[in-house]
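Structural overview
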Amino acid sequence: MTLLEVNDLSIRYRVDDDEAVHAVDDVSFSIERGETYGLVGESGCGKTTMAKSVVDLLDANGYVESGELWFDGTLPEWEDERGEPRREIIEDDRYPVREDGMTDLAALDETQIRDVRWRDIAIIPQSAMNSLNPVYKVGDQITEAILRHEPETTKAEADERARDLLERVGIEPDRADDYAHQFSGGMKQRAVIAMAMACNPDLLIADEPTTALDVIIQDRILEELENIQEEFGVSILVISHDISVMAEICDRMAVMYGGKVMESGRKDDIFEETANPYTLGLKNSFPTITQSEQQLVSIPGTPPTLREPEAGCRFRDRCPFAVEACASEHPPMYDVESAETSGRAREATDRRSHRSACHRVDELELLRTEALQEDTWTEQTIESR
Amino acid sequence: MDRTDDREPLVEVENVSKLFDMSQGVVDTVLGRDPNPVRAVDDVSFTIERGDVVGIAGESGCGKTTLGKLLVQLYEPTEGSIRFDGTDVTSMTTAQEREFRQRVQMIFQDPFESLNPRMTVYDTVAEPLKLNDIGEGYDDRRERVRDVLNDVGLAPAEVYLDSFPDELSGGERQRVAIARALVVDPDFVVADEPVSMLDVSIRAGVLNLMKRLQDEYDLTYLFISHDLSLIRYMCDRAGIMYLGNMVEQGRTDELVEDPKHPYTEALFDAVPDVELGDERRRANATGEVPSPRNPPSGCRYHPRCAHIIPPDGWTGSQEAFRRAFQFKLKVRRGELGPGSVDEGVADDPEELVAHGLTLDVPDEYQSRTEVETGGHRVDLSAVDLPPDARQVLLDAAQSIFDGDVESAAAALDERFTTVCESDRPAPRPADGRDVACHLYDGGGPGATDSRVGAPTDD
Amino acid sequence: MATESSSQQSNVESLKERWRPRIERFRRGWSRFTEHRIGVLGLVILAVFTAWSIAPSLFAPHSTQWTAYLGEPPHDARLTAEQVRSLPHAPAFGDPFFAPLGTNANGNGIASLVVYSARTAMYIGLAAGTLSSLVGVPLGLISGFYGDTWIDETIQRFVDIMYGLPFLPFLIVLVAVRGITTTNIIIGIAVTSWLNNCITIRGETLSLRERAYVEAAKVGGASDTRIIFRHIMPNVLPIAFVFLAQDAAGAVIAQASLAYLGLADFTANSWGLMLQNIKASGYVFEAWWWLLPPGIMLMLLAAAFYFIGFSMEDVTNPQR
């Protein structure tokens with residue numbers, strides 16, 4: 001059951017001199033109910049922008065240029081008793097609701113999106129520990145979140161639920177009366193997770209959930225996210241630059257670069273049957289703790305600035321496998337499996353299958369073996385400094 | 001430690017401690033309070049041989065950065081001695097100090113901060129040359145700078161020489177920092193988290209560069225990082241630090257595959273890994289790193305340790321002791337009260353004990369009841385406690401309900417003692433490395449006092 | 001011979017090489033500066049006054065000795081009683097003489113006086129500002145670098161004491177005791193304005209000395225002096241320049257105030273002196289052409305310094 005369907009989404013940031021930064025370009029993927037989906041990439045690849053745009057938390061100069069964000073849920077005022085959108089809403093073209101009941105979040109305005117936030121989609125921002133208000137008790141902050149989004153609850157009920165939530169994430173319910181500075185770093189992170197789950201959302205967006213944490217605490221937070229998913233059945237969208245974290249918690253993922261999705265599909269497919277030069281390069285540059293003899297290879301050059309990008313594949317400058325076709329247009333998402341079996345590149349129709357944006361997806365064997373050699377990467381001439 | 005070389009070690013650190021905030025304000029002195037310094041580095045000893053690549057790993061607050069700065073003489077040790085090539089660095093003549101400054105260099109963590117924004121790349125890299133009186137004249141210096149820039153991969157060097165730092169990317173800046181360190185042809189380089197602020201795809205390039213330069217320039221490295229996979233990739237030997245103590249040191253491969261110290265084991269378990277994916281075993285440790293200002297007594301790691309040693313004469317299981325000890329800690333911290341149990345059983349001491357004996361560890365280390373109740377309580381009958389210990393726990397719970405937390409804490413303190421809390425373990429050789437843990441110095445259960453020279457702590 | 005000139009040539013070459021990046025940087029800073037029209041305005045005003053200071057005879061219609069009806073010195077006649085009664089004369093363009101801003105009670109042309117007085121104001125402004133920086137910046141650097149040690153304490157206590165000194169009374173006393181010369185006035189102004197300089201620079205230095213590049217310099221073997229003046233000072237200079245601009249503005253106003261109080265050097269023409277003269281001769285409400293120009297000039301010069309300082313602040317601390 002699809003929970004979130006991102007359709008050809010493009011997000012831009014307006015900068016001076018009438019230029020626009022193409023932060024996210026023509027991105028499509030989908031998240032099912034109860035699954036953990038990862039967006040992985042380096043800084044500037046657009047993953048955080050993508051995540052923020054789901055609940056319209058973009059900076060003032062950011063806007064959705066085209067595309068849709070279909071979500072399986074709708075505004076309270078458009079619902080009937082069963083929680084589905086009413087018939088007349090669906091029929092009426094003025095409302096951004098589709099035949100199958102999904103709502104286009106990108107088409108909602110500011111007041112409307114507020115009803116979706118927290119109730120249906122909650123976000124755990126980066127450095128979440130700093131998002132707790134220092135002058136209010138932690139328990140009160142959770143209670144307030146509940147009351148704001150479910151106004152029919154009584155204060156006592158909300159308080160009870162807050163304590164219960166804290167306990168579920170491993171904090172003594174008594175600590176609800178403490179202030180944020182009395183919590184340790186890991187506990188703050190857990191409290192923020194509890195706050196995010198306060199209204200039982202369908203989707204949890206975790207933006208770099210483990211950065212700035214010590215490794216042992218990071219371990220517990222990852223476990224916490226897993227437990228939350230088991231208990232509440234919530235879907236999680238994880239944003240991170242750390243592929244080892246992704247390897248652990250995600251079911252499916254998308255690798256982003258320069259505002260585009262380079263490869264997407266099931267986690268195992270991406271790691272074991274890697275089908276994109278960027279992903280291959282990324283894998284090579286991560287040391288693993290398990291291997292004693294490794295050969296790390298870095299990708300020379302720097303990520304693009306995304307200001308009025310040129311035509312052609314975004315990774316072309318740094319890719320050792322670039323051919324002429326790569327200069328004319330950014331490759332569409334080809335279906336990997338069919339490329340492997342039939343030897344021909346065919347565009348992917350199913351958003352959930354293993355897809356890769358590479359014109360040479362029919363030569364995967366060659367790409368995979370060559371990518372392991374250091375010379376392949378270091379011997380290219382990089383034009384950009 | 002491996003001492004296969006007959007030559008003298010390059011760097012010898014002996015019982016070095018560094019304390020901060022030793023002085024105090026007027027008010028505190030008047031009120032008769034003792035100063036409470038931060039023991040950033042506490043009684044650390046190790047040696048580095050020529051050509052080694054040694055790593056220092058640990059989480060925040062463990063003192064690794066302070067240790068790095070001690071080695072380059074940015075700080076002076078409060079206690080202990082540091083010897084570089086035989087010379088004690090704290091009592092050097094001016095000439096020796098000049099030599100030291102040329103032979104020992106440092107690479108800093110933040111590429112954006114470690115370059116002076118008002119100096120060009122040439123200025124920055126040539127500065128050590130000027131300070132050490134190397135090079136005859138401007139042209140010679142410029143040539144040397146050009147050479148070293150080419151060595152670190154910033155080619156063509158001419159393009160970079162006159163740029164200012166804000167024109168360069170993070171990876172380029174870090175390479176300039178490396179060039180600056182290498183331009184005087186040093187022997188020993190301390191690298192403090194050199195890649196942690198760089199993009200992930202750039203990191204490997206800088207690391208590989210450092211490896212290559214080690215051969216070219218005949219360098220010895222001390223590599224400081226919190227990223228254990230990096231340590232494994234770069235370093236032959238490593239030391240693990242926790243709250244200022246060096247808890248284990250030895251060959252990196254052995255540390256990873258067969259960790260002796262419980263903290264080392266937890267640390268390496270906790271690292272996510274692409275190969276292991278979701279099969280990874282989680283870290284068996286409770287709680288978080290406490291503040292270095294108030295470290296735990298005895299072995300600093302004991303409140304979190306999975307292998308805490310029960311006292312002599314403990315008839316129950318080690319796990320039960322661990323739980324009981326955690327109970328004691330919770331009471332001491334004031335975390336257990338009448339509100340900890342459900343409303344329906346508000347007065348039942350058994351319920352409080354069942355709740356307090358839970359362990360804040362990953363699911364795979366919890367008992368079945370714990371997992372079922374979401375970490376809320378254990379099955380008291382299944383915990384293998386000696387009967388008198390159980391009674392002490394129940395009595396303490398009753399005291400808590402009666403409002404007398406102090407006597408509960410006192411009783412628990414008396415009953416549940418451990419050598420890990422009372423005595424600080426000294427580093428001892430075990431299986432080719434040095435480990436500071438009572439498990440390896442004869443302090444195990446049932447052993448008599450065979451500890452030699454282990455210092456007592458208050 | 002050939003080698004000599006070629007080695008000279010290469011010296012010049014390498015000198016040019018060394019300065020090229022700084023020139024490049026300056027050029028970029030310049031384009032940033034000119035984005036602010038206010039800064040450009042200030043610079044224009046300053047340029048005009050500088051021109052007036054350097055070559056006043058080019059801009060002034062007459063010399064300062066010129067007298068209405070009589071012309072330039074030497075004067076072979078004397079003013080008739082009727083002519084005297086017509087002074088100060090409103091602006092006249094040709095008949096009976098050319099004085100675009102009129103004359104004062106003595107018959108001197110206001111426009112000429114104003115142009116010639118620019119030199120005094122510029123000199124005092126820049127000299128006092130520079131002196132203030134020369135004292136305040138190094139002391140601030142040293143104080144900040146050795147922060148929380150006896151060096152810092154000593155300097156700061158001294159600063160605290162100096163703060164207690166009320167500005168104008170102190171100036172008055174100083175001038176009264178040591179004599180009314182421009183030099184004394186400059187010293188007097190600098191003595192009180194270096195304090196703010198020192199404190200702000202100290203604050204900057206305190207934070208800068210913790211930076212990684214300072215640690216890197218230490219590890220490289222730099223002495224304290226070298227670190228302060230080679231590594232930290234360049235980063236502090238931008239703020240110092242802003243202070244220079246502000247101090248200069250303050251100095252201009254201070255000198256004018258002193259002149260107005262009759263404590264300025266009578267031998268040098270200055271705008272403040274002109275104001276004092278109009279007050280002394282009692283024509284304040286009658287001769288607007290005499291009253292307004294000096295005041296406006298003072299305002300423009302002070303404002304020019306402030307505008308430049310403002311624009312420089314943005315160049316050195318870009319908010320973007």
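**Some words on the overall build of chain B**
Helices and strands together make up the secondary structure of chain B, namely 17 helices and 12 strands. On the principal axes, the C-alpha backbone points of chain B span a range of 85 × 50 × 45 Å. When the 458 residues of chain B are sorted by exposure, 50% land in the buried category.

**Some details on the domain arrangement of chain B**
The domains assigned to chain B are domain 1 (11-253) and domain 2 (318-417). Each of domain 1 of chain B and domain 2 of chain B has a C-alpha centre, and these two points are 47 Å apart.

**Notes on the confidence of the model for chain A**
The predicted model of chain A has a mean per-residue pLDDT of 85, with 98% of residues at 70 or higher. Of all secondary-structure elements in chain A, the lowest mean pLDDT belongs to helix α14 (residues 374-378) of chain A, at 77, while strand β3 (residues 36-40) of chain A reaches the highest, 94.

**Notes on helix α2 (residues 37-54) of chain C**
Residue and element names in this part refer to chain C. The first and last C-alpha atoms of α2 sit 25 Å apart over 18 residues, in line with the 26 Å expected at 1.5 Å per residue. The complete set of buried residues in α2 reads Gly-39, Gly-42, Leu-46, Phe-49 and Trp-52. Taken around the axis of α2, the buried residues stretch over an arc of 145°, which confines them to a single face. Projecting away from the buried face of α2 at angles above 90 degrees are the exposed residues Arg-37, Val-44, Ala-47 and Ile-54.

**Some details on the sheet that holds strand β5 (residues 103-104) of chain A**
In a beta sheet, neighbouring strands are held together by backbone hydrogen bonds and run either parallel or antiparallel to one another. All names here are of chain A. The strand order across the open sheet built from 4 strands is β2-β1-β4-β5, with neighbouring strands paired in antiparallel fashion. Each edge of the open sheet carries a strand with a single partner, namely β2 (20-32) and β5. In this structure, strand β4 (residues 62-71) lies alongside β5, joined through 2 bridges in antiparallel fashion. Considered in β5, the bridge of Phe-71 is made with Thr-103. Lying on the sheet, helix α1 (residues 47-54) is in contact with β1 (2-14), β2 and β4; it crosses β2 at an angle near 65°.

**Looking at the environment of Tyr-233 of chain B**
By secondary structure assignment, the location of Tyr-233 of chain B is in helix α9 (residues 228-234). Here the alpha-carbon distance between Tyr-233 of chain B and Leu-207 of chain B, two residues 26 residues apart in the chain, equals 9.0 Å. Residues in contact with Tyr-233 of chain B, not counting those within four places in the same chain, are Pro-287, Gln-294 and Leu-296 of chain A together with Leu-207 of chain B.

**Quick word on the interface of chain B and chain A**
With 47 residues of chain B at the interface, the matching set in chain A holds 41 residues. Put simply, the parts of the chain that give the side of chain B that touches chain A at least two residues each are α8 (200-217), α9, α10 (252-257) and α11 (262-269) of chain B. In terms of residue count, α8 of chain B provides more of the side of chain B that touches chain A than any other element does, 8 residues in total. Partitioned by chemical class, the residues of the side of chain B that touches chain A number 20 nonpolar, 13 polar and 14 charged.

**Some points on the interface of chain B and chain C**
At the interface, 24 residues of chain B touch 18 residues of chain C. Looking at the side of chain B that touches chain C, the elements that each hand over two or more residues are α3 (94-103), β6 (104-107), α4 (121-131) and α5 (137-151) of chain B. Here the side of chain B that touches chain C is built from residues that sort into 10 nonpolar, 5 polar and 9 charged.

**So, the arrangement of the chains**
Most contacts, compared over the 2 pairs of chains touching, are made between chains A and B. With no contact between them, chain A and chain C keep their nearest C-alpha atoms 11 Å apart.

About the thresholds
Residues numbered from 1 in each chain as written. Chains lettered and ligands numbered in written order. Predicted model: local features only at pLDDT ≥ 70, side-chain atom pairs only at ≥ 80, totals over all residues. Helix = DSSP H or I, 4+ residues; strand = E, 2+ residues; numbered from the N terminus. Buried ≥ 20, exposed ≤ 12 C-beta atoms within 10 Å, placed from the backbone. Domains from an automatic or database assignment. pLDDT = per-residue confidence, 0-100. Expected span 1.5 Å × (residues − 1). Arc of directions from axis to C-beta. Pairing = 2+ DSSP bridges. Contact = placed C-beta atoms within 7 Å. Axes fitted to C-alpha atoms, helices over the stretch in contact; angles between N-to-C directions. Nonpolar A, V, L, I, M, F, W, Y, C, P; charged D, E, K, R; others polar.

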